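Listed below, chain by chain, are the residues.
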Amino acid sequence: MNKSIDSVISRLDGFSQSYHRNLIFRGLASCLSVLLVFFIIICVIEYFSFLNSTFRKIIFWTYLSISVILVVKLVIIPVYKLFLSKNSPNEKKRVAKLIGQHFPEIEDKLINILELNELDYNSRELINASIDKKYLEIKSYSFKAAIDWKKTINYLKISSFPIIFILIIFFSGNTGFI
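Remember, it's a predicted structure, so these values are computed and weren't measured experimentally. (Residues numbered from 1 in each chain as written. Predicted model: local features only at pLDDT ≥ 70, side-chain atom pairs only at ≥ 80, totals over all residues. Heavy atoms only, no water.)

(A) A look at the overall build of the chain. Secondary structure assignment for the chain yields six helices and zero strands. Beginning at the N terminus, the succession of helices and strands in the chain can be written as α-α-α-α-α-α. The C-alpha radius of gyration computed for the chain amounts to 24 Å, which surpasses the reference 16 Å derived for 178 residues by more than 25%, pointing to a less compact arrangement than a globule. In terms of overall dimensions, the chain has C-alpha extents of about 80 × 30 × 20 Å along its principal axes. Relative to its 178 residues, the chain shows a buried fraction of 35%. (Helix = DSSP H or I, 4+ residues; strand = E, 2+ residues; numbered from the N terminus. Rg over C-alpha atoms; globule rule 2.2 N^0.38 Å. Buried < 20%, exposed > 50% of the residue type's maximum accessible area, 1.4 Å probe, protein only.)

(B) The nonpolar core, seen in detail. Within the largest apolar cluster, 23 residues are counted, with the highest numbers of intra-cluster contacts made by Leu 12, Phe 15, Ile 99, Leu 110, Ile 138 and Phe 143. Apart from the residues lying within four places of it in its own chain, the contact partners of Ile 138 are Val 8, Arg 11, Ile 106, Lys 109, Leu 110, Ile 113 and Phe 143. (Core = buried A, V, L, I, M, F, W, Y, C linked by side-chain atoms within 4.5 Å. Contact = heavy atoms within 4.5 Å.)

(C) Representation of a nonpolar patch on the surface within the structure. Together, Phe 60, Trp 61, Leu 64, Val 68, Val 71, Val 72, Ile 76 and Ile 77 make up a nonpolar patch on the protein surface, roughly 690 Å² of accessible area in all. Its place among the elements puts Trp 61 in helix H2 (residues 53-84). Classification of Trp 61 by relative accessible area gives exposed; the value is 53%. (Patch = residues over 30% accessible without salt bridge, like charges linked within 9 Å, V, L, I, M, F, W, Y side chains within 5 Å. Areas by Shrake-Rupley, 256 points an atom, 1.4 Å probe, with all protein chains shown as cover. Salt bridge = Lys/Arg side-chain N within 4 Å of Asp/Glu carboxyl O.)

(D) Fine view of the state of the cysteines. For the structure shown, the criterion picks out zero disulfides. Here Cys 31 stays unpaired: no disulfide links it, and the sulfur of Cys 43, its closest cysteine neighbor, is 17 Å away. According to the relative accessible area criterion, Cys 43 is buried, its value standing at 13%. (Disulfide = S-S within 2.5 Å.)

(E) Layout of the side chain of Thr 152. Mapped onto the secondary structure, Thr 152 falls in helix H6 (residues 149-172). For Thr 152, the residues in contact, after removing those within four places along its chain, are Asn 22, Phe 25 and Arg 26.

(F) Spotlight on the pattern of salt bridges. Evaluation of the coordinates by the stated rule reveals five salt bridges. Arg 56 is the partner of Glu 46 in a salt bridge, and the nearest nitrogen-oxygen pair spans 2.9 Å. One end of the pair, Glu 46, is in helix H1 (residues 3-48); the other, Arg 56, is in helix H2, and 10 residues separate them in sequence. Its relative accessible area of 27% is what places Glu 46 among the partly exposed residues. A salt bridge links Lys 93 to Glu 118; its shortest N-O distance comes to 3.7 Å. Taken together, the residues span a long stretch of sequence, with Lys 93 in helix H3 (residues 91-102) and Glu 118 in helix H4 (residues 104-118) at a distance of 25 residues.

Written out as structure tokens, the structure is:
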């Protein structure tokens with residue numbers, strides 16, 4: 001196999017791994033913040049209103065079901081996609097389109113390289129030369145720069161507010177509230 005196509009595929013795989021890790025991290029931060037805010041709301045409702053056991057059961061099962069739904073949707077599905085994406089034949093084209101959203105000038109070249117690699121003609125030298133030419137045009141781009149870690153850091157900042165609120169209550173010694 002051609003060194004250029006090996007390099008493109010390994011760079012696409014590296015981007016895919018980083019992209020899915022970013023989604024998992026963002027999902028964990030979002031899940032944590034939503035569940036903590038919901039927990040604080042439930043504690044406030046319970047603290048200020050004296051609910052009977054039926055309402056407490058409803059609140060408990062509602063919280064538990066929302067927790068399961070959020071964890072599955074925001075964490076488990078991206079983890080599953082991370083492991084599933086390694087063996088998927090269409091993953092490389094999907095990743096090339098994701099990179100193309102950030103670098104529109106190389107999307108067609110990436111997809112063209114992948115399609116040329118799938119061709120099975122006798123003139124493999126001509127295909128390899130075309131792949132090498134297109135690879136030289138996209139070689140300078142860092143695919144991992146297409147991952148928006150700043151947005152993930154913003155998710156983390158937002159999720160820190162409920163954690164700080166619970167820690168303030170915990171260290172203040174007010175144990176009657178939570």
